[in-house]
Amino acid sequence: TNTMRQAGAWIGAAVVVIDALKGLLAWLAAAWLMGGSPWSLPIAGALAVVGHCFPLYTRFHGGLGLATAGALVLVLSPWTIAIVVPLWAVFFLLIFRKKYSPRSVTLAIPLAVAISIAFLNLPAALDWMLASVSVVLVLRHLPEWNRMA
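These numbers were taken from a predicted model, which means no experiment stands behind them.

What is the right way to look at the overall build of the protein chain in this model?
Helix and strand content of the protein chain: seven helices and zero strands. Reading the helices (α) and strands (β) of the protein chain from amino to carboxyl end gives α-α-α-α-α-α-α. Principal-axis analysis of the C-alpha atoms gives the protein chain an extent of 45 × 35 × 25 Å. The burial tally for the protein chain puts 40% of its 149 residues in the buried class. Here the analysis covers contacts within the protein chain between residues at least 6 apart in sequence; of these, 62% occur between residues at least 24 apart.

What follows is the structure in structure tokens.
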């Protein structure tokens, strides 16, 4: 959203695609290097999100991680996306009613992940990835909680 505000919709959309590909490329590299180990893929995905949010080369000031995490979750657990989008819409449209609300993201993501872990009977490695990525996203959005309030 910051890139879209600063540089326009086309460049912002390109950044979203690049950020999404970043997570998917890490996931594909892990699949290739580790031969599809059930733990290597979720760990690579979680680390891609952490690396996006807290990159060393910018002194740990990175993006919020939504596109990187969203692409991974869409590939690895599409039902979680099917849960998070309506929850986010309820928080975003009905409760906060803002153009962009970090509050809606901060509330919707962990709730959707908790529902996914409790009811979707996912593999343990995927549960771990969803939980760890959820924590990272919440930590990145908490400082933004009152921004654009």
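What is the right way to look at helix 7 (residues 124-141) in this model?
The α-helix advances 3.6 residues per turn, and as a result positions three or four apart in sequence lie on the same side. Taking 1.5 Å per residue, 18 residues should reach 26 Å; helix 7 reaches 26 Å between its end C-alpha atoms and fits that length. Restricting attention to buried positions, one finds in helix 7 the residues A125, L126, D127, M129, L130, V133, S134, V136, L137, V138, R140 and H141.

Got a minute to help me understand the side chain of S134 in this structure?
By secondary structure assignment, the location of S134 is in helix 7. Beyond its immediate chain neighbours, meaning those up to four positions away, S134 contacts I109, P110 and V113.

Mind showing me how you'd approach the pattern of salt bridges here?
Overall, the coordinates contain one salt bridge when judged by the stated rule. Across the pair D19 and K22 runs a salt bridge whose closest N-O atoms are separated by 3.7 Å. Placement of the pair is D19 and K22 together in helix 2 (residues 9-34), with a separation of three residues, close to one helical turn. With a relative accessible area of 15%, D19 lands in the buried category. We classify K22 as partly exposed; its relative accessible area is 32%.

Explain the packing of helix 2 against helix 4 (residues 66-76) to me, please; I cannot follow it from the model alone.
A pair of packed helices is captured by two measures, namely the crossing angle of their axes and the spacing between those axes. For the pair helix 2 and helix 4, the least separation of the axes is 7 Å and the interaxial angle reads 50°. Between helix 2 and helix 4, the angle is such that the two are oblique. For the pair helix 2 and helix 4, the crossing hand works out as right-handed. Contact with helix 2, carried on its side by V16, D19, A20, G23, L24 and W27, involves A67, T68, A71, L72, V75 and L76 of helix 4 and no other residues of that element. When its residues are assigned to classes, the contact of helix 2 with helix 4 shows nine nonpolar, two polar and one charged.

I would appreciate a short explanation of unusual backbone geometry in the present structure.
With the exception of glycine, the majority of residues adopt a negative phi angle, and the majority of peptide bonds are in the trans configuration. Despite not being glycine, N121 has its phi angle at roughly 55°, a positive value. Mapped onto the elements, N121 comes out in the loop between helix 6 (102-119) and helix 7.

Honestly, the packing of helix 3 (residues 40-53) against helix 4 in this entry has me stumped. Any pointers?
Relative to each other, helix 3 and helix 4 sit at 170°, their axes nearing to 9 Å. In terms of orientation, helix 3 and helix 4 fall into the roughly antiparallel class. Together, G45, A48, V49 and H52 of helix 3 and T68, A69 and L72 of helix 4 make up the contact between the two elements. Considering only residue class, the contact of helix 3 with helix 4 consists of four nonpolar, three polar and no charged.

Looking at this structure, how should I read the packing of aromatic side chains?
For any two aromatic rings, the description comes down to two numbers: the centre-to-centre distance and the angle of the planes. For the structure on display, the rule yields one aromatic pair. On the numbers, 6.4 Å between centres and 65° between planes, the contact of W39 with W128 is edge-to-face. Taken together, the positions of W39 in the loop between helix 2 and helix 3 and W128 in helix 7 put the pair 89 residues apart, joining distant regions of the chain. For W39, a relative accessible area of 39% corresponds to the partly exposed category.

Parameters at a glance
- Residues numbered from 1 in each chain as written.
- Predicted model: local features only at pLDDT ≥ 70, side-chain atom pairs only at ≥ 80, totals over all residues.
- Heavy atoms only, no water.
- Helix = DSSP H or I, 4+ residues; strand = E, 2+ residues; numbered from the N terminus.
- Buried < 20%, exposed > 50% of the residue type's maximum accessible area, 1.4 Å probe, protein only.
- Contact = heavy atoms within 4.5 Å.
- Expected span 1.5 Å × (residues − 1).
- Salt bridge = Lys/Arg side-chain N within 4 Å of Asp/Glu carboxyl O.
- Axes fitted to C-alpha atoms, helices over the stretch in contact; angles between N-to-C directions.
- Parallel < 35°, antiparallel > 145°, perpendicular 65-115°, else oblique.
- Left-handed = near helix turned anticlockwise from the far one by under 90°.
- Nonpolar A, V, L, I, M, F, W, Y, C, P; charged D, E, K, R; others polar.
- Phe/Tyr/Trp six-rings, centres within 6.5 Å; stacked < 30°, edge-to-face > 60°.

No statement about biological role is implied by the geometric values presented.
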